[in-house]
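One-letter residues, chain by chain:
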Amino acid sequence: MAAATPTSSTLSKSSSLPFNHTHLFPKTPSILPTLPRAAVKPLFLVSSKNPLSDVLTFPTAAASACDDDKPREECGVVGIYGDPEASRLCYLALHALQHRGQEGAGIVTVHNNVLQSVTGVGLVSDVFSESKLDQLPGSLAIGHVRYSTAGQSMLKNVQPFVAGYRFGSVGVAHNGNLVNYGTLRSNLEDSGSIFNTTSDTEVVLHLIATSKHRPFILRIVDACEKLKGAYSIVFVTEDKLVAVRDPFGFRPLVMGRRSNGAVVFASETCALDLIEATYEREVFPGEVVVVDKNGVQSLCLMSHPQPKQCIFEHIYFALPNSVVFGRSVYESRRRFGEILASESPVDCDVVIAVPDSGVVAALGYAAKAGVPFQQGLIRSHYVGRTFIEPSQKIRDFGVKLKLSPVRAVLEGKRVVVVDDSIVRGTTSSKIVRLLKEAGAKEVHMRIASPPIIGSCYYGVDTPSSEELISNRMSVEEIRDFIGSDSLAFLPFDSLKKLLGSESPNFCYACFSGNYPVEPTELKVKRVGDFVDDGLNGSLESIGGGWVQAKVRF
């Protein structure tokens, strides 16, 4: 993929206050009912080199076809306090979270009380180089990888955002989606606020700037109390790293510590593993964690209801080596496969997976069924957005670029193929056809999630409900549509039984249509028409691929 030229920006504030980079923190956070009032900060100067109007477009890419029929996680966030290699550690952690977003990446660091930013469109390795990381000294950093659900795919929407207000400067990186974004933005604009982006995250910065509270932490609390929806956010100021998670805990956020005492926040534990940080705990739903020279402090943002953690983190989004919501993702997926083998058995000769997200569930299915697991589909990891398409139409061209069947495994065999989900059904039908053309005698689809019948409004990019095949068809009708010899989904009741006493703590809106926080104004993408949030297609057409969310009463 062609890489965009990253942009750099700096927010500066005159200050002679020392910044303690080497303070070691207590092993357990202290619980503080209130925080002392901070001293009034002097005014500061703001300068920016970030061209807010930059837009990057790419050629159409059928190569992404087999991924466009999957839900996509919006993004991943990282925060590091107290390590002299903060920007490089942040870069590595973002690599570990690359699966959560491939459209853009950015890092903000603090050095001599100055917030310095590098952002760009593309993969982490496209955006950052040795010279770019040299521009980001300091022991305090936040980072972000992005796949957008709110806001068009423009350079100005790539996070972290950096802004200034009368008491200082602040950087923010957000994972989630605000269901009251439109109302908040309208109210702020009516009060005179001017927005530079189309991202819901910018609303948070405006709410902080307009808060009447003086201490920065209380400004965050005041701002977050106005937000509805999903948000796991890391903030950085001249001397603090702050992590916040919404009261429902929709999106994951974990805390760890390196051997030198540096504190790390990340969307998944796989990021902690890569930079050799020891996992300590989750940031609790409704919690604000503040890290500064005084150590680690914890505030309760607001009394929170029953947690509603996204079950799709365990089905698809998170890496198998992560621990999410206190549970091993690998173990969850293995058990999903075992349940399918027990409750939807079929006579077969071989079990294969749709790589990569179906592999662990397929291993569980094969072990439980006593049938060999083999690699019947090989995934190419070298297909980017740009390629030369042959002038003669090749059927299922995009899927064939990504997935190659292994005839020696498939020919003459009764095959069970395990995938994590079916969204629109278009890719599943192409995969079934691919397997049968490679000689499979029978193809039995097993899906390691219940049928998806509702769109997500909490930081996951899903098509409109009208495009979700399980919302329009019965299981038998879907089986006929995709052309498989049999089809079975993970039973919803069996999924909840597996989760046991923790079952009420998860959000199942995509399976049930029952939303913990009602989406009254958001829009969702019609993925069949506009993929990659406007990167494919003209700028004028970006807004046309969205449909209004349906309100349930």
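Note that the structure is predicted; figures quoted are calculated from it, not measured. (Residues numbered from 1 in each chain as written. Predicted model: local features only at pLDDT ≥ 70, side-chain atom pairs only at ≥ 80, totals over all residues. Heavy atoms only, no water.)

*Asks:* Help me out: how do you make sense of the pairing of strand β6 (residues 104–111) in this one?
*Replies:* Side-chain positions along a regular strand alternate between the two faces of the sheet. Taking burial as the measure, the 8 residues of β6 include 7 buried ones, the bulk of the element. In this structure, β6 lies alongside strand β7 (residues 114–121), joined through 8 bridges in antiparallel fashion. By the bridge assignment for β7, Gly106 is matched with Thr119. Adjacent in sequence and paired antiparallel, β6 and β7 are bridged by 2 residues, among which Asn112 carries a positive phi angle near 55°. In terms of strand pairing, β6 meets strand β8 (residues 140–146) through 7 bridges, oriented antiparallel. (Buried < 20%, exposed > 50% of the residue type's maximum accessible area, 1.4 Å probe, protein only. Helix = DSSP H or I, 4+ residues; strand = E, 2+ residues; numbered from the N terminus. Pairing = 2+ DSSP bridges.)

*Asks:* Can you help me understand the UniProt feature "active site" (unreviewed entry) in the protein chain in this one?
*Replies:* UniProt records the feature "active site" (unreviewed entry) at Cys75, using the numbering of this structure. On the secondary structure map, Cys75 appears in strand β5 (residues 75–81). Each residue touching Cys75, except ones within four places of it in the same chain, is listed here: Arg100, His144, Val145, Arg146, Tyr147, His174, Asn175, Gly176 and Ser267. (UniProt positions renumbered as here; feature names shortened; annotations may be inferred. Contact = heavy atoms within 4.5 Å.)

*Asks:* So what exactly am I meant to see when it comes to the side chain of Ser211 here?
*Replies:* Here Ser211 shows up in the loop between α6 (201–210) and α7 (216–224). Under the relative-accessibility criterion, Ser211 is labelled buried at 3%. A polar side-chain atom of Ser211 sits 2.8 Å from a polar atom in the side chain of Asp222. When residues no more than four places from it in sequence are discounted, the contact partners of Ser211 are Arg219 and Asp222. (Polar contact = N/O pair within 3.5 Å; in protein donor to acceptor, adjacent residues only side chain to side chain.)

*Asks:* Hey, could you run me through the pattern of salt bridges in this one?
*Replies:* Taken as a whole, this structure holds 23 salt bridges when the rule is applied. A salt bridge links Asp292 to Lys240, with the shortest nitrogen-to-oxygen separation between them at 3.9 Å. In this pair, Asp292 sits in strand β16 (residues 287–292) while Lys240 sits in the loop between β11 (229–236) and β12 (241–245), placing the two residues 52 residues apart along the sequence. In this pair, the class of Asp292 matches that of Lys240, namely buried. Each of the salt bridges in this network shares a partner with another, and the network as a whole consists of Arg100, Arg251, Glu268 and Glu313. (Salt bridge = Lys/Arg side-chain N within 4 Å of Asp/Glu carboxyl O.)

*Asks:* Even after reading the chapter, I still don't get the nonpolar core, so can you show me in this structure?
*Replies:* Nonpolar side chains in soluble globular proteins generally cluster together in the buried interior. Counting residues in each nonpolar core, the largest one holds 48 residues, and the members touching the most others are Ile311, Phe312, Val351, Tyr458, Leu495 and Phe511. Elements supplying a minimum of two residues to this core: α9 (312–317), α10 (329–343), β21 (350–353), α11 (359–369), β24 (414–419), α17 (492–499), β28 (506–507) and α18 (509–512). Here this core gets 5 residues from one element, more than from any other, and that element is α10. Sequence-distant contacts of Phe511, defined by excluding residues within four places in its chain, comprise Ile311, Phe312, Ile315, Ser449, Pro450, Pro451, Ile452, Ile453, Phe492 and Leu495. Membership of the second largest hydrophobic core comes to 31 residues, among which are Val204, Ile220, Tyr231 and Val244. (Core = buried A, V, L, I, M, F, W, Y, C linked by side-chain atoms within 4.5 Å.)

*Asks:* Where do I start with helix α16 (residues 475–482) in this structure?
*Replies:* An α-helical segment advances 3.6 residues per turn. Residues three or four places apart therefore align on the same side. When α16 is considered as a whole, its buried residues turn out to be Ile478, Arg479 and Ile482. The buried residues of α16 occupy an angular sector of 105° when projected down its axis, which confines them to one face. Phi for Gly483, located one or two positions after α16, is positive at around 85°. (Arc of directions from axis to C-beta.)

*Asks:* Help me out: how do you make sense of empty space enclosed by the protein in this one?
*Replies:* One water molecule sets the probe size; rolling that probe over the atoms shows where empty space is left. Here the structure, examined in full by the defined rule, presents 7 cavities of 30 Å³ or more. If you trace the largest cavity, you find 17 residues lining it, with Cys310, Phe312, Cys456, Val460 and Cys510 closest to the centre. When the residues that make up the lining of the largest cavity are grouped by side-chain class, the tally is 13 nonpolar, 3 polar and 1 charged. (1 Å grid on protein atoms, 1.4 Å probe; cavity = no way out; pocket = protein on both sides within 12 Å on 5 of 7 lines; lining within 4 Å. Points joined across faces, edges and corners; volume = space filled by probe spheres on them. Nonpolar A, V, L, I, M, F, W, Y, C, P; charged D, E, K, R; others polar.)

*Asks:* How should I be thinking about the confidence of the model for the protein chain in this particular structure?
*Replies:* The predicted coordinates ought not to be read in detail in places where the model reports low pLDDT. Per-residue confidence for the protein chain gives a mean pLDDT of 80, with 77% of residues at or over 70. Within the model, the stretch residues 1–5 combines pLDDT values under 50 with 10 contacts to residues more than four positions away or in other chains. Per-residue pLDDT stays below 50 along residues 522–553; that stretch engages in 90 contacts with residues further than four places along the chain or on separate chains. (pLDDT = per-residue confidence, 0-100.)

*Asks:* For this particular structure, what's the right way to read the packing of α10 against α11?
*Replies:* The relative placement of two packed helices is expressed as an angle between their axes plus a distance between the axes. Running from N to C, α10 and α11 point in directions that differ by 45°, and their axes come no closer than 7 Å. Our classification of the angle between α10 and α11 gives oblique. Taken as a pair, α10 and α11 cross one another with a handedness that is right-handed. Side by side, α10 and α11 meet where Tyr330, Arg333, Arg334, Gly337, Glu338, Leu340, Ala341 and Ser342 of the first sit next to Val360, Ala361, Leu363, Gly364, Tyr365, Lys368 and Ala369 of the second. Counted by class, the contact of α10 with α11 contains 8 nonpolar, 3 polar and 4 charged residues. (Axes fitted to C-alpha atoms, helices over the stretch in contact; angles between N-to-C directions. Parallel < 35°, antiparallel > 145°, perpendicular 65-115°, else oblique. Left-handed = near helix turned anticlockwise from the far one by under 90°.)

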